[in-house]
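One-letter residues, chain by chain:
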Amino acid sequence: DKPQQLSKSTEINGHRIAGNFYSVYQDNQNQLGKPISNAIKTSDDVSYQLFEKGSIVSSEHGTFPLFGAIRHKFLNSGGLDGWLGAPTGAEKAQ
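In this text the structure is predicted, and so the values were computed from the model without any measurement.

S.K.: Looking at this model, I keep getting lost on the pairing of strand β2 (residues 15-18). Mind explaining?
M.R.: Along β2, the buried face is formed by His-15 and Ile-17; none of Arg-16 and Ala-18, which line the opposite face, is buried. When strand β1 (residues 9-12) meets β2, the two strands line up antiparallel, connected through four bridges. Residue pairing across strands places Ser-9 opposite Ala-18, the latter belonging to β2. Once β1 ends, the chain turns through two residues before running back antiparallel as β2, passing Asn-13 with a positive phi of about 55 degrees.

Dropping the structure here:
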């Protein structure tokens, strides 16, 4: 018998969550909600996927969820095109 492989992707509401986005979604799906887009590539090394209550951003720095107040501040600073650019780490508890 072959060991059962764990799925590395899923499709919800017609939107595929795959690759690096999948494991981040699995860990944060309650905070993110359901996907409202597929992954969107903005440059060679940056892509993101939108969800009902947040997003996941993937870049050379890693793949991180954005939701709540942190995401709001990120979007208000211009998002990926703003001075902050792509996240360089996960949100840290205070």
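Text resumes after the structure shown.
S.K.: Would you mind showing me how to read the layout of surface pockets here?
M.R.: Over the atoms rolls a probe the size of a water molecule, and in doing so it shows where empty space is left. In this structure, the largest pocket spans a volume of roughly 290 Å³. Lining the largest pocket are 14 residues, with Leu-66, Ile-70, Leu-84, Pro-87 and Gly-89 positioned closest to its centre.

S.K.: Teacher, can you tell me more about the packing of aromatic side chains here?
M.R.: Two aromatic rings, taken as a pair, are described by how far apart their centres are and by the angle between their planes. Applying the stated rule across the entire model yields one aromatic pair. Look at Tyr-25 and Phe-51: their rings are 5.2 Å apart centre to centre, the planes differ by 15 degrees, and that puts the pair in the stacked class. Remark: Phe-51 occurs in strand β4 (residues 47-51) and Tyr-25 occurs in helix α1 (residues 20-32); sequence separation between them is 26 residues. Neither Tyr-25 nor Phe-51 differs from the other in exposure class; each is buried.

S.K.: What's the story with the sheet that holds strand β5 (residues 54-59) in this structure? I'm lost.
M.R.: The strands making up a sheet associate through hydrogen bonds between their backbones, and the pairing can be parallel or antiparallel. The four strands lie next to each other as β3-β4-β5-β6, forming an open sheet whose pairing is antiparallel. Sheet topology places β3 (40-41) and β6 (62-67) at the edges, where each strand pairs with a single neighbour. Pairing geometry for β4 and β5, over five bridges, is antiparallel. Bridge pairing in β5 links Leu-50 to Ser-55. Against the sheet, α1 contacts β4, β5 and β6, and its axis sits at roughly 15 degrees relative to β6. Of the strands in this sheet, β4, β5 and β6 are in contact with helix α2 (residues 68-76), which crosses β6 at around 100 degrees.

S.K.: What exactly am I supposed to notice about the pairing of β5 here?
M.R.: Two faces belong to every sheet, and in a regular strand the side chains alternate between them. Counted residue by residue, β5 has six buried out of six residues, so it is predominantly covered. Residues of β5 alternate between two faces, with Gly-54, Ile-56 and Ser-58 on one and Ser-55, Val-57 and Ser-59 on the opposite face, all of them buried. In textbook terms, the turn of a hairpin is the stretch between consecutive antiparallel strands, and for β4 and β5 this stretch comprises two residues. Relative to β6, β5 runs antiparallel, the two being bridged by six bridges. Within the sheet, the bridge partner assigned to Ser-59 lies in β6 and is Gly-62. If you look at the hairpin formed by β5 and β6, you'll find two residues sitting between the two strands.

What counts as what
Residues numbered from 1 in each chain as written. Predicted model: local features only at pLDDT ≥ 70, side-chain atom pairs only at ≥ 80, totals over all residues. Heavy atoms only, no water. Buried < 20%, exposed > 50% of the residue type's maximum accessible area, 1.4 Å probe, protein only. Helix = DSSP H or I, 4+ residues; strand = E, 2+ residues; numbered from the N terminus. Pairing = 2+ DSSP bridges. 1 Å grid on protein atoms, 1.4 Å probe; cavity = no way out; pocket = protein on both sides within 12 Å on 5 of 7 lines; lining within 4 Å. Points joined across faces, edges and corners; volume = space filled by probe spheres on them. Phe/Tyr/Trp six-rings, centres within 6.5 Å; stacked < 30°, edge-to-face > 60°. Contact = heavy atoms within 4.5 Å. Axes fitted to C-alpha atoms, helices over the stretch in contact; angles between N-to-C directions.

Read these as geometric descriptors, not functional statements.
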